[in-house]
Every structure is written in C-alpha cells, then in structure tokens.
Amino acid sequence: MDGNGRWAKRRGLPRTAGHTAGEEALAAVVRAAAQRNIGWLTVFGFSTENWVRPRAEVRHILGLHRKLFGRIDEMNDNNARINWIGRPFDEHGARTPVYVQRAIRKAISDTEHNTGLVVTVAFDYGSRAELVRAASACVAGADDIDTTCIDQHLYAPQLPPVDVLVRTSGETRISNFLLWQINGASVYFTEKTWPDFDAVELDRALSLVASK
Ligand code: IPE
Ligand code: MG
C-alpha cells in the first residue's frame, strides 16, 4: 500500500496523516472486494525493512494496525476473515509489540467463522525471509527442496497463487512481496497513491484478470 507519504506531502500534511488515510482506504477496498465476491485480498502493511523509519512514524503505523485488526464488526458484516503473514513473533529478531500481536490473534479468532473474502495483512513481512525459512524447513525435515515443499512451508500455505498484483503511486518496480506467489500474476500499475485507491481502481485491476 505504497504512496501514503506522497499523498500527505501533496496536501501539505504530515506523513502520519497519509498513513491514517491509507488505513481508511483499505477499509473501503475490503468492502468493495467483498461485494465483488473476491476470494482473497492480500495487502502489504509493514515490511521487515520498515522498522528503520523514524520512531514516531513507526509508532503511528503500529497504532493503525491495531485499528485495522480491530475492525472486527466490519469484517463480520463483510463475511470476511482476517489473516496475517509475517515473521513469526517468537523468531529471532522479531519485534512486533505485544499489543499488535494481541490485536492480530483476536482478529483472526473473531472472524474465523466467516466464509467469504480472506483479507491477509502482511505485517513485519519480507518475501525473501519467508522463502529462506521455507527452504530451511525443507532441509530440516530432510525433504527435497522442491516447489511442493516450499509451497507447504510458506507463512500461509493456503494462500492461492496471485492473479493480479497491484502497484500504486507510479512505482514500476517489484518489492519484497509475495515473490514466490506472484509467478504468472498480471500486474496493475497505477499513478494513484494508496489513499486514493478506490473501487474504480479495484475494478481496473480486476479487468486484467477477467481478460486472461
Ligand atoms: C506506504 O506508504 C506505507 C508503509 C510502507 C508503511 P509510504 O510511507 O511508503 O509512502 P511514500 O512511498 O513515502 O509516498
Ligand atoms: Mg513508499
């Protein structure tokens, strides 16, 4: 969900205001995705590399994740399940604060009965670390390192291959996001910064899948 900072800067607002607007944009996109009977929506909320940002900005983003994972009534209204991918909380170097861990666990358990859209939030996530961990697990299990074994040891093995990858705010490079899972995906590039990404944009992205 890139471009929150630029969205704010263009309006003469602090970066934190951009993150706040971005979290609200996500809530609206979840609603739109649920209405369109989409099965899976996965968003990059916070990467393992984002911890180096200024402390106050990180604190603000963490608070927004608590807010996001706290939108349980809304998720239930949307018949949507919340899921999370990222570095396991007990892994060496992991630094997700306990209050965010709690919000994530509660959101998962309070929405697990829903049968529609699965909203997966990547938090403290990095795709290369995910793949290194999967390969290590295959070795430790004396398994072959093949695609089946890697598939089985991803953070969320149930996540299907990505149909369409969205890249916001005019970026045309790939980031450290779902590198394994995007094999074969269409890519939707848009100039819109994330807070301006809306249902119209979602439909444009989806049209790439429909025309496959
Ligand atoms: C995305 O917006 C939010 C996070 C990475 C947490 P940015 O903060 O990267 O916004 P830009 O790229 O500076 O515009
Ligand atoms: Mg950015």
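In this text the structure is predicted, and so the values were computed from the model without any measurement.

**Q** Explain the overall build of the chain to me, please; I cannot follow it from the model alone.
**A** Along the chain, the regular secondary structure elements total 8 helices and 5 strands. Helices and strands appear in the chain in the N-to-C order α-α-β-α-α-β-α-β-α-α-β-β-α. Against the compact-globule benchmark of 17 Å for 212 residues, the chain has a radius of gyration of 17 Å, which places it among compact chains. For the chain, the spread of C-alpha atoms along the three principal axes comes to 55 × 45 × 35 Å. Taken across its 212 residues, the chain has 46% of its residues classed as buried. Of all intrachain contacts in the chain linking residues separated by at least 6 positions in sequence, the fraction that spans at least 24 positions is 71%. With the model as given, the accessible surface of the chain reaches about 10900 Å², and the carbon-plus-sulfur share is 51%.

**Q** Explanation requested: the site of ligand 1 in the structure shown.
**A** Every residue lining ligand 1 is accounted for by Met-1, Asp-2, Gly-3, Asn-4, Gly-5, Arg-6, Arg-15, His-19, Gly-45, Asn-50, Arg-53 and Ile-61. Contact distances for ligand 1 include 3.4 Å between an oxygen atom and a backbone N or O atom of Gly-3. One of the side-chain N or O atoms of Arg-15 is found 2.7 Å from an oxygen atom in ligand 1. Isolated, ligand 1 exposes 380 Å² of accessible area, and the fraction of that covered by the protein chains is 85%.

**Q** Would you explain the sheet that holds strand β3 (residues 118-125) in this entry?
**A** Hydrogen bonding along the main chain pairs the strands of a sheet, whether they run parallel or antiparallel. Within the open sheet, the 3 strands sit side by side as β1-β3-β2. Their pairing is parallel. Each edge of the open sheet is held by one strand with a lone partner, namely β1 (40-47) and β2 (81-85). Geometrically, the sheet is characterised by an average inter-axis angle of 20° between neighbouring strands, direction not taken into account. As paired elements, β1 and β3 share 7 bridges and run parallel to each other.

**Q** How should the nonpolar core be read in this particular structure?
**A** Counting residues in each nonpolar core, the largest one holds 35 residues, and the members touching the most others are Val-30, Leu-41, Phe-69, Leu-117, Val-119 and Phe-123. Those elements that provide at least two residues to this core are α2 (15-35), β1, α3 (55-69), β2, α5 (98-111), β3 and α8 (199-210). For this core, the leading source of residues is α2, giving 7 residues. Other than its neighbours up to four places away in sequence, Phe-123 contacts Phe-46, Trp-51, Leu-62, His-65, Trp-84, Ile-85, Gly-86, Arg-87, Thr-96 and Val-100. Core analysis: the second largest hydrophobic core is formed by 13 residues, Phe-44, Leu-159, Val-162 and Ala-185 among them.

**Q** When you look at the pairing of β3 in this model, what are you seeing that I'm missing?
**A** Of all 8 residues in β3, 8 are buried, a share of seventy percent or more. Bridge analysis of β2 against β3 gives 5 bridges, and the strand direction is parallel. Bridge pairing in β3 links Ile-85 to Ala-122. A crossover links β2 with its parallel partner β3, the connecting element being α5, and its sense is left-handed.

**Q** Would you mind showing me how to read the packing of α2 against α3 here?
**A** For any two helices packed against each other, one specifies the inter-axial angle together with the distance between the axes. Two elements in contact, α2 and α3, have axes separated by 10 Å at closest approach and are oriented at 20°. Taken together, the axes of α2 and α3 lie roughly parallel to each other. In this structure, α2 crosses over α3, and the sense of that crossing is right-handed. Every residue of α3 that contacts α2 at Arg-15, Thr-16, His-19, Thr-20, Glu-23, Glu-24 and Leu-26 is listed here: Glu-57, His-60, Ile-61, Leu-64, Lys-67 and Leu-68. Tallied by class, the residues present in the contact of α2 with α3 amount to 4 nonpolar, 4 polar and 5 charged.

**Q** When you look at the pattern of salt bridges in this model, what are you seeing that I'm missing?
**A** Side chains that differ in charge, positive against negative, can pair when their charged atoms come close. Tallied over the entire structure, the rule returns 16 salt bridges. The partner of Arg-173 in a salt bridge is Glu-171, with the nearest N and O atoms 3.1 Å apart. Of the charged contacts, one joins Arg-204 and Glu-201 as a salt bridge, the two residues approaching to 2.7 Å between their closest N and O atoms. Taken together, the residues span about one helical turn, with Arg-204 and Glu-201 both in helix α8 at a distance of 3 residues. Accessibility expressed as a relative area gives 43% for Arg-204, which makes it partly exposed.

Rules used in this analysis
- Residues numbered from 1 in each chain as written.
- Chains lettered and ligands numbered in written order.
- Predicted model: local features only at pLDDT ≥ 70, side-chain atom pairs only at ≥ 80, totals over all residues.
- Heavy atoms only, no water.
- Helix = DSSP H or I, 4+ residues; strand = E, 2+ residues; numbered from the N terminus.
- Rg over C-alpha atoms; globule rule 2.2 N^0.38 Å.
- Buried < 20%, exposed > 50% of the residue type's maximum accessible area, 1.4 Å probe, protein only.
- Contact = heavy atoms within 4.5 Å.
- Areas by Shrake-Rupley, 256 points an atom, 1.4 Å probe, with all protein chains shown as cover.
- Near = heavy atom within 4 Å.
- Polar contact = N/O pair within 3.5 Å; in protein donor to acceptor, adjacent residues only side chain to side chain.
- Pairing = 2+ DSSP bridges.
- Axes fitted to C-alpha atoms, helices over the stretch in contact; angles between N-to-C directions.
- Core = buried A, V, L, I, M, F, W, Y, C linked by side-chain atoms within 4.5 Å.
- Right-handed = clockwise from strand over helix to strand, strands pointing away.
- Parallel < 35°, antiparallel > 145°, perpendicular 65-115°, else oblique.
- Left-handed = near helix turned anticlockwise from the far one by under 90°.
- Nonpolar A, V, L, I, M, F, W, Y, C, P; charged D, E, K, R; others polar.
- Salt bridge = Lys/Arg side-chain N within 4 Å of Asp/Glu carboxyl O.

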